[in-house]
Amino acid sequence: MAQEAKKAEESLNGLHPQKIEAILDSLKDEKVCKAVSGPWKSRIVWQKGFRVKAYMRTHAIEMDEPTDLDATDMAASAHEQLLSAVGSCLTVGFVLNATKRGIKIHDLEVALEGNFDNILKWAGHAPDGNPGYRNIKAKLFVRADADKATLQEIWKMAVDGSPVTQSVCRGTPVLTEFEAV
């Protein structure tokens, strides 16, 4: 009994594998899966200039633009946060899949970068084009107790299973509305 309790408390990569397995198995229940699937929500409130505050569940983060854009640069920009969201979700997916396989991670970092395709559209100087990222590069740096082929397989699973990455890759439609108050 004590050994069973100890096993349940064991952790790997800061997670509890048995608990993770139970959580993932619970997603097979249609009600649980539906509840976890959303809706996920964020509310953005303008502060001043280009600064905004985003509220999600019980969390809040600020966003701003660089001083070159007549902003205060008090926080990362929305496009930098998009890169960070992709990287964070890829990291979570990698850690999840490595932990499921019992692989200990020693160091992990994801470096992301992107270039705007046509920023002139955002600035109002071009009627057409994509003001967003042309592409996003994501590179994993990892040291873990597994061979290169296994780590590459886990990385592919993280990319293919990342809700944020796949939302960006697949061009998820943004359905907009307007209300003057």
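Rules and cut-offs
- Residues numbered from 1 in each chain as written.
- Predicted model: local features only at pLDDT ≥ 70, side-chain atom pairs only at ≥ 80, totals over all residues.
- Heavy atoms only, no water.
- Axes fitted to C-alpha atoms, helices over the stretch in contact; angles between N-to-C directions.
- Helix = DSSP H or I, 4+ residues; strand = E, 2+ residues; numbered from the N terminus.
- Parallel < 35°, antiparallel > 145°, perpendicular 65-115°, else oblique.
- Left-handed = near helix turned anticlockwise from the far one by under 90°.
- Contact = heavy atoms within 4.5 Å.
- Nonpolar A, V, L, I, M, F, W, Y, C, P; charged D, E, K, R; others polar.
- Phe/Tyr/Trp six-rings, centres within 6.5 Å; stacked < 30°, edge-to-face > 60°.
- Lys NZ or Arg CZ within 6 Å of the ring centre and 35° of its normal.
- Pairing = 2+ DSSP bridges.

**Things to note about the packing of helix α4 (residues 78–100) against helix α6 (residues 148–161)**
In the contact formed by α4 and α6, the axes pass within 8 Å of each other and the chain directions differ by 130 degrees. By the angle between their axes, α4 is oblique relative to α6. Helix-helix and strand crossings are classified by hand; for α4 and α6 the assignment is right-handed. Counted together, Leu90, Gly93, Phe94, Asn97 and Ala98 of α4 and Leu151, Ile154, Trp155, Met157, Ala158 and Val159 of α6 form the full contact between these two elements. Split by residue class, the contact of α4 with α6 holds 9 nonpolar, 2 polar and no charged.

**A closer look at the packing of aromatic side chains**
A complete count under the given rule lists 1 aromatic pair for this structure. Ring centres of phenylalanine 116 and tyrosine 133 lie 5.2 Å apart, and the angle between their planes is 15 degrees; this geometry places the pair in the stacked category. Within this pair, whereas phenylalanine 116 is found in strand β4 (residues 105–116), its partner tyrosine 133 is found in strand β5 (residues 133–144), the two being separated by 17 residues in sequence. Here the basic side chain of arginine 43 rests over the ring of tyrosine 55, its NZ or CZ set 4.8 Å away from the ring centre.

**Overview of the sheet that holds strand β3 (residues 59–63)**
Here 3 strands make up an open sheet; going across it, the order is β1-β2-β3 and the pairing antiparallel. Since the sheet does not close on itself, it has two edges, and those belong to β1 (43–48) and β3, each with one partner. This sheet shows a mean twist of 25 degrees between the axes of neighbouring strands, independent of strand direction. As paired strands, strand β2 (residues 51–56) and β3 are joined by 5 bridges and run antiparallel to one another. Looking across to β3, one finds that tyrosine 55 is bridged to alanine 60.

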